[in-house]
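Reading the structure
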Amino acid sequence: MAEKKIGLHTIKLKNPPSILSTATIVGPKEGEGPLKDYFDIVLEDDLFGEKSWEKAESKMLREAVRLAMNKINLSPDQVDYFFAGDLLNQIISSSFAARELGIPFFGLYGACSTLTEAMSLAAMMVDGGFADITIAATSSHFSSAERQFRFPLEHGNQRPPTSQWTVTGAGAVVLGSKGGGPYITYITTGRVVDFGIKDANNMGAAMAPAAADTILRHLKDTGFTAADYDLIMTGDLAKIGREIAADIIKQNGYDITTKFTDAGIEIFDLTTQDVHAGGSGCGCSASVFGGYIYKQLINGNLNRIMIVSTGALLSPTSTQQGESIPGIAHAITIERSIMP
């Protein structure tokens, strides 16, 4: 049995890496939402001075990483590994950003679960002694995602009430073997869960079973309950998916309702911003965690949290072939301080 493994699917890090800095960049719509004061940069327009939305997304990711490094006077040569991914084909936002940054790069695809997937791997690399400094980052863009997964914006199609608004945003997290916290202490890796949902406009319902599965396994492995956490936040289940996940978890003996929120609910005002069920996209949990949540940890308003980014593992090809939408969710525990 691996010495750091507890229960069936969770690891407890013996040398928990510290989060040294974060950075977030979001689009104009996100900058009009309730968390507007917590983002580092709010773009004036979603092209970010580029000729295409795809180029703009890659630039957001690249500049978020640079900003996170600049905050702690870190140069690319001091970073051992860069873990990143996005929603676009062949993760071009991340790989093109890595081309400019020149940091050894692990490209990931976990759809909207990519933030905590990247943070999990980056943390394990530091904990295992293979790196001193790593960076985890991800991004999404409303217009590039719509063009790839649904319909071009010029089509003007109607969006059903279950649909979510892909966040235009990027977030970067720098982890180090030395630092004063907050620390990543536990990791529960997700399993692919598929309840047979085929509606690409109902992503929250498609991902909710995977989120519930990971949270339940985390709680069983660690022995924790909701009372042990100040906050449990999923990535982008939004309003509908959050309700489904909370119900599944409650049916299995755990009531997390009072501690449970979702980044897709927090980033927009659901009553005034016409986003239907809420936000989604890799940049959703990345910008909410890297901005608002991280600042709450630093300020002492939160002490122990669980972040569970959630992903729908579909592609245009699988949708066109009538396939269902598998989901995955990765959980990490972050603690403001740890006992020696």
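Residues numbered from 1 in each chain as written. Predicted model: local features only at pLDDT ≥ 70, side-chain atom pairs only at ≥ 80, totals over all residues. Heavy atoms only, no water.

For the pair helix α1 (residues 53-70) and helix α2 (residues 92-101), the least separation of the axes is 8 Å and the interaxial angle reads 50 degrees. On the basis of their axis angle, the class for α1 and α2 is oblique. Considering only the axes of α1 and α2, their crossing is right-handed. Here Glu 54, Glu 57, Ser 58, Leu 61, Arg 62, Val 65, Arg 66 and Met 69 of α1 come into contact with α2, specifically with Ile 92, Ser 93, Ser 94, Phe 96, Ala 97, Glu 100 and Leu 101. (Axes fitted to C-alpha atoms, helices over the stretch in contact; angles between N-to-C directions. Helix = DSSP H or I, 4+ residues; strand = E, 2+ residues; numbered from the N terminus. Parallel < 35°, antiparallel > 145°, perpendicular 65-115°, else oblique. Left-handed = near helix turned anticlockwise from the far one by under 90°. Contact = heavy atoms within 4.5 Å.)

Before going further, it helps to examine helix α8 (residues 282-298). The end-to-end C-alpha separation of α8 is 23 Å, in line with the 24 Å expected for 17 residues at 1.5 Å each. Most of α8 is tucked away, with 14 of its 17 residues classed as buried. Directly beyond the C-terminal end of α8, a positive phi value near 85 degrees is found at Gly 300. (Expected span 1.5 Å × (residues − 1). Buried < 20%, exposed > 50% of the residue type's maximum accessible area, 1.4 Å probe, protein only.)

Right, let's get into the side chain of Asp 221. Mapped onto the elements of the fold, Asp 221 is located in helix α5 (residues 203-222). Here Asp 221 is buried and forms no salt bridge, its nearest opposite-charge partner Arg 217 lying at an N-O distance of 5.5 Å. Polar contacts involving the side chain of Asp 221 include one to the main-chain amide nitrogen of His 9, which spans 2.9 Å. Residues in contact with Asp 221, not counting those within four places in the same chain, are Ile 6, Gly 7, Leu 8, His 9 and Thr 10. (Lys, Arg positive; Asp, Glu negative; His and termini not counted. Salt bridge = Lys/Arg side-chain N within 4 Å of Asp/Glu carboxyl O. Polar contact = N/O pair within 3.5 Å; in protein donor to acceptor, adjacent residues only side chain to side chain.)

Let's shift gears to the environment of Asp 77. Structurally, Asp 77 is set in the loop between α1 and β5 (81-85). Accessibility expressed as a relative area gives 75% for Asp 77, which makes it exposed.

Below, the discussion takes up the environment of Phe 82. Structurally, Phe 82 is set in strand β5. Linking Phe 82 and Arg 336, residues 254 residues apart in sequence, is a C-alpha distance of 24 Å. Residues within four places of Phe 82 in sequence aside, it is in contact with Val 65, Ser 94, Ala 98, Leu 101, Ile 103, Pro 104, Phe 105, Phe 106, Ile 135 and Ala 137.

What the rule picks out here adds up to 0 disulfides. The thiol of Cys 112 is not disulfide-bonded; the next cysteine sulfur, from Cys 282, is found 4.8 Å away. With a relative accessible area of 10%, Cys 112 lands in the buried category. Summary of cysteine pairing: Cys 284 is not part of a disulfide, and the nearest cysteine sulfur, belonging to Cys 112, is at 7.9 Å. (Disulfide = S-S within 2.5 Å.)

Looking now at the pattern of salt bridges. Throughout the structure, instances matching the rule amount to 11 salt bridges. For Asp 40, the salt bridge is made with Lys 71, and the minimal N-O distance between the two is 2.9 Å. Within this pair, whereas Asp 40 is found in the loop between β3 (18-26) and β4 (41-42), its partner Lys 71 is found in the loop between α1 and β5, the two being separated by 31 residues in sequence. The partner of Glu 63 in a salt bridge is Arg 66, with the nearest N and O atoms 3.0 Å apart. Here Glu 63 pairs with Arg 66, and both are found in helix α1, just 3 residues apart, close to one helical turn. A residue is classified by how much of its surface remains accessible, and Glu 63, at 23% relative accessible area, is partly exposed.

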